[in-house]
Amino acid sequence: MAPASALRFPKTVCVMDASGTLAASLTDRLLQRGYTVHAATVRPGELKRLSGDENNKRLKVFAWDPYDFESIVDALSGCSGLFYSFEHQRPSYDELAAEEEVRAAHNVLEACARTETMERVVFTSSITAVVWSENRKSTADIDERRWSNPTFCRKFKLWHALAKTVSEKTAWALAMDRGVDMVSINAGLLMGPDLSLSSPYLKGAAEMYEDGTLVAVDLKYLVDAHVCVYESPSAYGRYLCFNHVISSPEDALHFAHVLSPDMPSSSEDLRLSKQRIQNRKLNKLMMEISSGEIL
């Protein structure tokens, strides 16, 4: 990836909620690329040490409440970009989680619309906002044009999918209405040491495997994708982001052991599933960036 100085950057950007796993790594990457970063978090005292220097003069930490409009406006002041991801404070997802995410997304996008310096918003969503609907098996390929159906999600209590779907739809509606330049990253399951069977993303994992839509993403690749869609002038719309597809019994067994090392080592009941979800749009953009076609 080209250095930020080779582009029309670096500038001042905001990362919300900067204490999450993705956002903390993204903040570190942006600082390394020369950006000034407003790290907005509900837990400013717990913000991870970034770039090896707690006193980094380009890092400014803001106490942020997604339901306090003024705290959002304060964090965004002077920023040309926002990287937004929502970290739930509740222990588990339920229907109320969707309402909270919608309120937060509305507040954040409205604040962006009122920030005169704002040039682009990168909204982190999920593959679960794409793959769930009654007719999901009827389409050969699933890509960024597909949306999960909220009624279907409520019916089967897919609360993570519901929250990500309705909050992303809310963000897109407000962005289009208020003229905010927004792109979204719909991420697969984030791999890492904190991953466990309790992840709300995994509700319906067996069905996703059968449907050929069970995908995951490494942290570094996900951070690269966020920087890529922010820095590329040609980026637009939604981007599905994953670099692992779990579609064979061997893949599924390895994945199960990552989630739970004590899980029985047998794949006899599993069959090969055909990958039906595609991320060609993001792959094309990242290849253009890496080859220097977009500067």
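It should be emphasised that the depicted structure is a prediction, and the values quoted were computed from it without experimental measurement. Residue numbers run consecutively from 1 along every chain, following the written order of its sequence. Only residues with pLDDT of 70 or above have their local features reported here, since the model is predicted, and side-chain atom pairs are shown and tallied only from 80 upward, although totals for entire chains, interfaces and linings are computed over all residues. Excluded from the side-chain calculation are hydrogens and water; included are all heavy atoms of the structure.

(A) Geometry of unusual backbone geometry. Following M16, the chain continues to D17 via a peptide bond in cis, the omega torsion being -20°. Labels follow the DSSP assignment, with helices taken as runs of H or I lasting at least four residues and strands as runs of E lasting at least two, numbered in each case from the N terminus. Relative to the helices and strands, D17 resides in the loop between strand 1 (12-16) and helix 1 (21-32). Positioned with a positive phi, K157 is a non-glycine residue whose angle comes to about 55°. Following the sequence through the fold, K157 ends up in the loop between helix 4 (150-155) and helix 5 (159-178).

(B) View of the sheet that holds strand 8 (residues 215-217). Two strands pair under a simple rule: DSSP has to find at least two bridges between them. Overall, mixed pairing links the 3 strands, which are arranged 7-8-10 in an open sheet. Two strands close off the open sheet at either side, each with one partner strand: strand 7 (189-190) and strand 10 (244-245).

(C) Just the sheet that holds strand 9 (residues 237-241), in detail. Taken in spatial order, the 7 strands make up an open sheet running 3-2-1-4-5-6-9, and their pairing is parallel. The sheet is open, and its two borders are formed by strand 3 (59-63) and strand 9, each paired with just one other strand. For this sheet, the mean angle separating the axes of adjacent strands, direction not counted, is 20°. By the bridge criterion, 6 bridges tie strand 5 (residues 120-126) to strand 6 (residues 182-187) in an arrangement that is parallel. Of the residues in strand 6, the one forming a bridge with F123 is S184. Sheet contacts for helix 1: strand 1, strand 2 (36-41), strand 3, strand 4 (81-84) and strand 5; angle to strand 1, the most-contacted strand, approximately 165°. Throughout, an axis means a line fitted to C-alpha atoms (over the contacting stretch in the case of helices), and angles, computed between N-to-C directions, take values from 0 to 180 degrees. Working rule for contacts: check all heavy atoms of both residues, and any pair within 4.5 Å makes them a contact.

(D) Spatial organisation of the packing of aromatic side chains. Note on aromatic pairs: the rings of Phe, Tyr and Trp (six-membered ring only in Trp) are paired at centre separations within 6.5 Å, and the planes decide the class, stacked below 30 degrees, edge-to-face beyond 60, tilted for the rest. Evaluated as defined, the whole model comprises 6 aromatic pairs. Their ring planes at 55° and their centres at 5.2 Å tell us that F83 and Y230 sit as a pair that is tilted. Placement of F83 in strand 4 and of Y230 in helix 7 (residues 219-231) is noted, with a sequence separation of 147 residues between them. Each member of the pair, F83 together with Y230, is buried. An aromatic cluster is present here, built from Y35, F83 and Y230 joined pairwise through their rings. Stacked on the ring of Y236, the Lys or Arg K281 has its end atom at 3.9 Å from the ring centre. Note on exposure labels: buried denotes an accessible area under 20% of the residue type's maximum, exposed denotes more than 50%, and partly exposed covers the range between, all computed with a 1.4 Å probe on protein chains only. Think of it as a cone above the ring: NZ of Lys or CZ of Arg counts as a charge over the ring if it is within 6 Å of the ring centre and within 35 degrees of the ring normal.

(E) Region of the structure containing empty space enclosed by the protein. Cavities and pockets were defined on a 1 Å grid built from protein atoms only: a cavity is a group of points that admits a 1.4 Å probe but offers it no way out, a pocket is an open group of points flanked by protein on both sides within 12 Å along at least five of seven lines, and a lining residue is one with an atom within 4 Å of any such point. Grid points are joined across faces, edges and corners, and a volume is the space filled by probe spheres set on the points. Following the criterion strictly, the structure yields 4 cavities of 30 Å³ or more and no others. Considered as a void within the structure, the largest cavity measures approximately 50 Å³ in volume. In this structure, the largest cavity is lined by Y84, F86, E101, A105, F123, T124, S125, K164 and S167. Among the secondary structure elements, those contributing two or more residues to the lining of the largest cavity are helix 3 (95-113), strand 5 and helix 5. Per element, the largest residue contribution to the lining of the largest cavity is 3 residues, and it comes from strand 5. Looking at the lining of the largest cavity residue by residue, the classes come out as 4 nonpolar, 3 polar and 2 charged. The nonpolar class holds Ala, Val, Leu, Ile, Met, Phe, Trp, Tyr, Cys and Pro. Asp, Glu, Lys and Arg form the charged class, and all remaining residues, Gly among them, are polar.

(F) Layout of the layout of surface pockets. Put simply, the largest pocket is a space of about 1,200 Å³. Residues of the lining of the largest pocket, tallied by class, amount to 16 nonpolar, 15 polar and 7 charged.

(G) Fine view of the pairing of strand 1. Of all 5 residues in strand 1, 5 are buried; the element is thus mostly enclosed. Note: strand 1 against strand 2, 5 bridges, orientation parallel. Bridged to V15 within strand 2 is A39. Each parallel crossover has a hand, and for strand 1 linked through helix 1 to strand 2 it is right-handed. In this structure, strand 1 lies alongside strand 4, joined through 4 bridges in parallel fashion. If you follow C14 over to strand 4, its bridge partner there is L82. Crossover handedness is defined here as right-handed if the route from the first strand over the helix to the second strand goes clockwise, with the strands pointing away from the viewer.

(H) Representation of the packing of helix 3 against helix 5 in the model. Interhelical geometry of helix 3 versus helix 5 gives an angle of 20° and a closest axis separation of 8 Å. With respect to their mutual orientation, helix 3 and helix 5 come out roughly parallel. Helix 3 and helix 5 meet at a crossing whose hand is right-handed. Between helix 3 and helix 5, the residues in contact are E95, A97, A98, E101, V102, A105, H106, L109, E110 and A113 and W159, L162, A163, K164, V166, S167, T170, A171, L174, A175 and R178, respectively. Across the contact of helix 3 with helix 5, the residue classes break down as 13 nonpolar, 3 polar and 5 charged. Roughly parallel means an angle under 35 degrees; roughly antiparallel means over 145; roughly perpendicular covers 65 to 115; every other angle is labelled oblique. Left-handed is the label given to a crossing in which the near helix is rotated counterclockwise from the far helix by less than a right angle, and right-handed is the label when the rotation is clockwise.

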